[in-house]
Amino acid sequence: MSSNLIANVRTALAYTVQAIRYADNALILFLEMSDFPLPPNPIKIQYYQDVIDHLTEVYLAMKGLPIDTYFPSDPVIQVAPVVAQIQDNQHLINLSDNRISLALDKTEDTINFIDQALLLSVDDERLNGQLYFIKLGLVEARDALVSGLNEPDFVVS
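Residues numbered from 1 in each chain as written. Predicted model: local features only at pLDDT ≥ 70, side-chain atom pairs only at ≥ 80, totals over all residues. Heavy atoms only, no water.

Caption draft 1: Inspection of the overall build of the chain at higher detail. In terms of helices and strands, the chain carries 4 helices and 0 strands. The linear arrangement of helices and strands in the chain, starting from the amino end, is α-α-α-α. Within the chain, buried positions represent 39% of all 157 residues. Within the chain, contacts between residues at least 6 apart in sequence are counted, and of these 84% link residues at least 24 apart. When the accessible surface of the chain is summed, it comes to about 8,400 Å², and 55% of that surface belongs to carbon and sulfur atoms. (Helix = DSSP H or I, 4+ residues; strand = E, 2+ residues; numbered from the N terminus. Buried < 20%, exposed > 50% of the residue type's maximum accessible area, 1.4 Å probe, protein only. Contact = heavy atoms within 4.5 Å. Areas by Shrake-Rupley, 256 points an atom, 1.4 Å probe, with all protein chains shown as cover.)

Caption draft 2: Quick look at the nonpolar core. Core analysis: the largest hydrophobic core is formed by 39 residues, its most contacted members being M62, L65, I114, L131 and I134. For this core, the elements supplying multiple residues, two or more each, are α1 (3–31), α2 (42–63), α3 (89–120) and α4 (125–150). Take this core: its biggest share by element is 13 residues, from α1. Each residue touching M62, except ones within four places of it in the same chain, is listed here: V9, A12, L13, T16, T69, T110, I114 and I134. (Core = buried A, V, L, I, M, F, W, Y, C linked by side-chain atoms within 4.5 Å.)

Caption draft 3: Structural detail: the pattern of salt bridges. The tally for this structure, following the rule as stated, stands at 6 salt bridges. Between K44 and D97 there is a salt bridge, with the nearest N and O atoms lying 3.6 Å from each other. Taken together, the positions of K44 in helix α2 and D97 in helix α3 put the pair 53 residues apart, joining distant regions of the chain. The exposure class of K44 is buried, given its relative accessible area of 0%. Several salt bridges share partner residues, and in doing so they unite K44, D97 and D153 into one network. (Salt bridge = Lys/Arg side-chain N within 4 Å of Asp/Glu carboxyl O.)

Caption draft 4: Fine view of the packing of aromatic side chains. Going through the model one piece at a time under the given rule, you end up with 3 aromatic pairs. Between Y15 and F113, the aromatic rings sit 5.7 Å apart at their centres with planes inclined by 50°, giving tilted as the arrangement. Here Y15 is found in helix α1, whereas its partner F113 is found in helix α3, with 98 residues between them in sequence. For the pair F30 and Y48, a centre-to-centre distance of 5.9 Å together with 70° between the ring planes defines the contact as edge-to-face. Here Y48 lies in helix α2 and F30 lies in helix α1, a separation of 18 residues in the sequence. Overall, the relative accessible area of 1% leaves F30 in the buried class. (Phe/Tyr/Trp six-rings, centres within 6.5 Å; stacked < 30°, edge-to-face > 60°.)

Caption draft 5: View of the packing of α2 against α3. Viewed as axis vectors pointing N to C, α2 and α3 meet at an angle of 30°, and their least axial separation amounts to 13 Å. What the angle tells us is that α2 and α3 run roughly parallel. Remark: the crossing between α2 and α3 carries left-handed chirality. Across the interface between the two elements, K44, Y48, L55 and M62 of α2 pack against S96, D97, I100, T107, T110 and I114 of α3. For the contact of α2 with α3, the class distribution of residues is 5 nonpolar, 3 polar and 2 charged. (Axes fitted to C-alpha atoms, helices over the stretch in contact; angles between N-to-C directions. Parallel < 35°, antiparallel > 145°, perpendicular 65-115°, else oblique. Left-handed = near helix turned anticlockwise from the far one by under 90°. Nonpolar A, V, L, I, M, F, W, Y, C, P; charged D, E, K, R; others polar.)

Caption draft 6: Spotlight on a nonpolar patch on the surface. Taken together, the side chains of Y132, F133 and L136 make up a nonpolar region of the molecular surface, amounting to roughly 330 Å² of accessible area. With respect to the helices and strands, the residue L136 is situated in helix α4. (Patch = residues over 30% accessible without salt bridge, like charges linked within 9 Å, V, L, I, M, F, W, Y side chains within 5 Å.)

Caption draft 7: Seen up close, α2. Taking 1.5 Å of rise per residue, 22 residues should cover 32 Å, and α2 covers 31 Å from first to last C-alpha, within 8% of that figure. Taken as a whole, α2 has its buried residues at K44, Y48, V51, I52, L55, V58 and M62. End-on, the buried residues of α2 take up no more than an arc of 130°, which puts them together on one face. When the buried face of α2 is taken as reference, the exposed residues oriented beyond 90 degrees from it are E57 and L60. On its buried face, α2 is in contact with α1, α3 and α4. Where α2 begins, the side chain of N41 points an oxygen toward the backbone nitrogen of I43, at a separation of 2.9 Å. (Expected span 1.5 Å × (residues − 1). Arc of directions from axis to C-beta. Polar contact = N/O pair within 3.5 Å; in protein donor to acceptor, adjacent residues only side chain to side chain.)

Any functional reading would require information beyond the geometric quantities listed.
Listed below in structure tokens is the structure:
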């Protein structure tokens, strides 16, 4: 197995971890919004949860690949939100959207690295198939990220 293939999968794995952390943080921020004057949009919350679920499945699928996925220095990203004592919904929305944008960037980067790994694994049909299904999960996560960003922030009657 080529070292380029392993490097691409390891990098994709690291980016997936980052995307999960950003998406999880965005969901936490969005859930902290107060119910006044309008409650947060539950459809947007569901999209964010779907993103976390898809990315977690992708992460577990990558860890299950028959290659060494150990990353010597697993990136640690502090994404703890800094929010004032008085909750300002617009501030929370902006922070949440920022985190989702970062998760989208990391997901796009992951897709690019998985594409490279797919090209390098054409000789190994089993591995290529596993990488293809990982890519499908990433595309589903990306679509949920975009849909979540496009949903209105509040329930509008």
